[in-house]
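# Descriptive structure summary
If you want the building blocks of each chain, they are given just below.
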Amino acid sequence: MKGFGENSKPKKKLRRNIHITHSKEQLIRQAFKFHSEGNILEAAKYYQYLINQGLNDYRIFSNYAGILQGLGKSQEAEVSLRKAIQLNPEYAEAHANLGIILKDLGKSQEAFVSYLKVIEINPNLPDIYATITRFLKDSDLSKLNKSKLKYILNILLEKNDISHNELSRAFNFLYRNKIIHSLEKFDSDFSQIESLINNKIIINALKKITFRDILLEKSLTNLRRNIVLHIAKNTKSINYSELKFVIALGEQCFLNEYVYSLTQEEKLSLDIIINRCKDIELNETDISILSCYFPLYKLLDQIPSLESFNSPNKIFKELIELQIIEPLKEIELSQNVKRIGSISDNVSQKVKIQYEENPYPRWRYGNYQENQKLSINQAINIEIKPNYINKKEEEHQLNILIAGCGTGNQILQAQRYKNAQITAIDLSLSSLAYAQRKMNELEIDKVELIEMDILEVSLLEKQFDVIECSGVLHHMNDPLIGLKALLGVAKKNGYLKLGLYSELARQDIIKARNHIAGKNLKTTSNDIRRFRQDVISGTYLEIANLQKRSSFYSISECRDLCFHAKEHRFTINQLQETLKSNELEFLGFLLPTPVQSIYKQYFPEDKKQTNLQKWAKFEEKYPNTFRGMYQFWVSKISF
């Protein structure tokens, strides 16, 4: 979807010295050449000239729309794209880009129609499913046609190259109440929930989306309890469809790291099943229900025959792959991860232990398009609009550093950079092994994974064009020392993408941490479950709102959210002081379009939306704006 999000605004009026002696086809080729090279100024000049000459070429109108969108002229871009579609109704790329513009203009129904048209015309258009996924994450779903929404959700859940957790809102909108209602009267008779068991969308959602809803959690917790009690008494009472459902539930529990509470009665039933597995021949039913309570690879010491158990059942094989083969592969890969320097800082050691025990975040699939490559300018401009950068870019291999790469999802996102060599560092060997497994699966090369502390990043003996460090510095003993270490390996005129916690947006987390300290809760899975039950019970009103945070719904995310070994928080004023003292230029926050639109209403004079003092005032009025964290781009100031 060429041209969209490339916010490369010309700094002066377009020149019109076109060589009119050239043929129209030569002028078109020249325009496309300028556009592909990122020379927006020259490309726009040619597009304007050709349109003024009355040339009706759908490619011209489509590409010019991309430039108009980059200039913030969304309505003009919409007109240009509609002209392209009028000239070529089967041009899928124009329909896709029109959907992006319509979404930005608040026309969600029309945008949805555009996306459906793309699927009809060219279901293999690169990146279209990731685009639709992001659309569903942010849009008002009540305005969309429900039957068509179910249709597209089914397609998306069949895909294995998107981030399925972004479909959580859409899935809940369509199926949450159905699941809760169906499970209200369930005891042990699977015929009571036949509509769930045979619903492909619900099965796929259990396998791919981490459910993040209290009522859904309570329903599934009760369901799991009733199933294990039933299977402990009678292992042969489940048919194929029911087994498929239990396997899907086991995959859901693996994704949330067994965050659901369990009773003493369940523990006794599990002991019966485990002992049965030791003494009697293994079967798929027993293994599948155990997978709802433990990652199967952790049962290998008690049930060694698990590792060699064979089944012709494809769905069961997928469970074994997820819960035994992949974790064992990570343990093997961890033996060969490169290590540089030592991890001697006291806080760094504690943080390392946390992520060794709970690699974070756990992800199964993500969007990775090898053919969608962007220059630094293009990649940053997509995220900082309405601001833009337009620095001259030299043709050389980019060095990208991901400082604190965790389990590798950021590495996947960094594949957007054109001609890049990525270095990814982290304290946690378990996280790096997870990342390496995912890189191997996706056949992503030009990535070097290293176990090391940011404090010793100079030992890499390399300078980087771009450094991404999101959600890391605020967990260090002294975030400013960590920042200075990163700046020491950033090239002159280099760029940094940073993420830091907001003091205003984390008042509920402060209360949660006080509650945890007051009850002397540890960082064990059992204590995290106890804490969650305190929240869910509603007894402690000061922490009840944590249920609304998506990170509340898995063990590792809840630990990261509320139990972290170290946490610093910042105000925007502190952020501004930090940037000034380190000679960094603020380029813009990463924020959804609706938030930027509200900001524009308050501060229309801040056209680039880079005035931090105004953002401080905005955050005071809307303290949940940076509920996740401040995510922003900066550049080193050159003199």
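Since this is a predicted model, take the numbers as computed values, not measurements.

## Let's talk about the overall build of the protein chain
- Across its full length, the protein chain carries 27 helices and eight strands.
- For 639 residues, the compact-globule estimate of 2.2 N^0.38 gives 26 Å, and the protein chain sits close to it at 26 Å.
- Principal-axis analysis of the C-alpha atoms places the extent of the protein chain at approximately 90 × 55 × 45 Å.
- For the protein chain, the proportion of its 639 residues judged to be buried stands at 56%.
- Carbon and sulfur atoms make up 48% of the accessible area of the protein chain, which totals about 28,600 Å².
- Charged side chains of the protein chain number 88 positive and 76 negative; the gap between the two group centres comes to 6 Å.

## A word on the sheet that holds strand 7 (residues 584–589)
- Taken in spatial order, the eight strands make up an open sheet running 1-4-3-2-5-6-8-7, and their pairing is mixed. With partners counted over all chains shown, the strands left at the sheet margins are strand 1 (338–339) and strand 7, one partner each.
- Bridge analysis of strand 7 against strand 8 (residues 630–636) gives five bridges, and the strand direction is antiparallel. Bridging from a neighbouring strand, Phe-586 pairs with Val-634 of strand 8.

## Considering the environment of Asp-478
- Among the secondary structure elements, Asp-478 is positioned in the loop between strand 5 (464–470) and helix 21 (479–487).
- Sequence-wise, Asp-478 and His-568 are 90 residues apart; in three dimensions their C-alpha atoms are separated by 8.7 Å.

## Considering the side chain of Thr-423
- Assignment of secondary structure puts Thr-423 in strand 3 (residues 420–426).
- The exposure class assigned to Thr-423 is buried, which follows from its relative accessible area of 2%.
- Discounting residues that sit within four places of it in the chain, Thr-423 has contacts with Ile-400, Leu-401, Ile-402, Glu-448, Ile-450, Leu-460, Lys-462 and Phe-464.

## Some points on the pattern of salt bridges
- One pass over the structure, following the stated rule, counts 40 salt bridges.
- Taking the shortest distance from any N to any O, the salt bridge between Glu-318 and Lys-314 comes out at 2.8 Å. Separated by four residues within a single helix, Glu-318 and Lys-314 lie in helix 16 (residues 314–333), roughly one turn from each other.
- Across the pair Arg-569 and Glu-567 runs a salt bridge, and its minimum N-O distance is 2.9 Å.
- Take Arg-569: its relative accessible area is 24%, and that puts it in the partly exposed class.

## Things to note about the pairing of strand 6 (residues 490–500)
- Summarising burial for strand 6: eight of the eleven residues are buried, a large majority.
- The pairing of strand 5 with strand 6 spans six bridges and is parallel. From the neighbouring strand, Ile-467 faces strand 6, where its bridge partner is Leu-496.
- For the crossover from strand 5 across helix 21 to strand 6, the handedness is right-handed.
- Two strands pair when backbone bridges link them, and strand 6 and strand 8 are joined in this way by six bridges, in the antiparallel orientation. Looking at the pairing, Gly-499 lines up with Gln-631 of strand 8.

## Quick word on the packing of aromatic side chains
- Under the criterion given, the structure shown has 29 aromatic pairs.
- Geometrically, the ring pair formed by Phe-589 and Phe-632 is edge-to-face, given 6.1 Å between the ring centres and 85° between the ring planes. With a gap of 43 residues between them, Phe-589 in strand 7 and Phe-632 in strand 8 connect regions that are remote in the sequence.
- Given the relative accessible area of 3%, Phe-589 is considered buried.
- Aromatic rings pair up to connect Phe-586, Phe-589, Tyr-599, Tyr-602, Phe-603, Trp-615, Phe-618, Tyr-622, Phe-626, Tyr-630 and Phe-632 into one cluster.
- The ring of Tyr-293 carries Arg-224 above its face, with NZ or CZ at 4.0 Å from the centroid.
- Taking the ring centre of Tyr-434 as reference, the NZ or CZ of Arg-437 above it sits at 4.9 Å.

## Quick look at helix 14 (residues 264–279)
- End to end, helix 14 covers 23 Å across 16 residues, agreeing with the expected 22 Å (1.5 Å per residue, within 8%).
- Three or more residues of helix 14 are buried, namely Glu-266, Ser-269, Leu-270, Ile-273, Ile-274, Arg-276 and Cys-277. An end-on view of helix 14 places all buried positions within 160° of arc, on one side of the element. Seen from the open side of helix 14, the exposed residues pointing more than 90 degrees away from its buried face are Gln-264, Leu-268 and Asp-279.
- For helix 14, the elements touching its buried residues are helix 12 (214–233) and helix 15 (284–290).

## Regarding helix 20 (residues 429–442)
- Under the 1.5 Å per step criterion, the end-to-end length of helix 20 is 20 Å for 14 residues, consistent within 8% with the ideal 20 Å.
- Check the buried side of helix 20 and you find it contacts helix 16, helix 17 (346–357), helix 19 (409–413), strand 3 and strand 4 (447–451).
- Here helix 20 starts with a cap whose side-chain oxygen sits 3.4 Å from the backbone nitrogen of Ser-430, and that cap is Ser-428.
- Directly beyond the C-terminal end of helix 20, a positive phi value near 55° is found at Glu-443.

## A closer look at unusual backbone geometry
- The omega torsion of the bond from Tyr-360 to Pro-361 falls at -10°, within 30 degrees of zero and hence cis.
- Omega for the bond connecting Lys-385 with Pro-386 falls within 30 degrees of zero, at 15°, which places this linkage in the cis form.
- As for its position among the elements, Pro-386 is in the loop between helix 18 (376–384) and strand 2 (398–403).
- Even without being glycine, Asn-419 reaches a positive phi, approximately 55°.
- Residue Asn-520 is not a glycine yet carries a positive backbone phi of 55°.

Conventions and cut-offs
Residues numbered from 1 in each chain as written. Predicted model: local features only at pLDDT ≥ 70, side-chain atom pairs only at ≥ 80, totals over all residues. Heavy atoms only, no water. Helix = DSSP H or I, 4+ residues; strand = E, 2+ residues; numbered from the N terminus. Rg over C-alpha atoms; globule rule 2.2 N^0.38 Å. Buried < 20%, exposed > 50% of the residue type's maximum accessible area, 1.4 Å probe, protein only. Areas by Shrake-Rupley, 256 points an atom, 1.4 Å probe, with all protein chains shown as cover. Lys, Arg positive; Asp, Glu negative; His and termini not counted. Charge placed at Lys NZ, Arg CZ, Asp CG, Glu CD. Pairing = 2+ DSSP bridges. Contact = heavy atoms within 4.5 Å. Salt bridge = Lys/Arg side-chain N within 4 Å of Asp/Glu carboxyl O. Right-handed = clockwise from strand over helix to strand, strands pointing away. Phe/Tyr/Trp six-rings, centres within 6.5 Å; stacked < 30°, edge-to-face > 60°. Lys NZ or Arg CZ within 6 Å of the ring centre and 35° of its normal. Expected span 1.5 Å × (residues − 1). Arc of directions from axis to C-beta. Polar contact = N/O pair within 3.5 Å; in protein donor to acceptor, adjacent residues only side chain to side chain.

The values reported here are purely geometric and, on their own, carry no functional implication.
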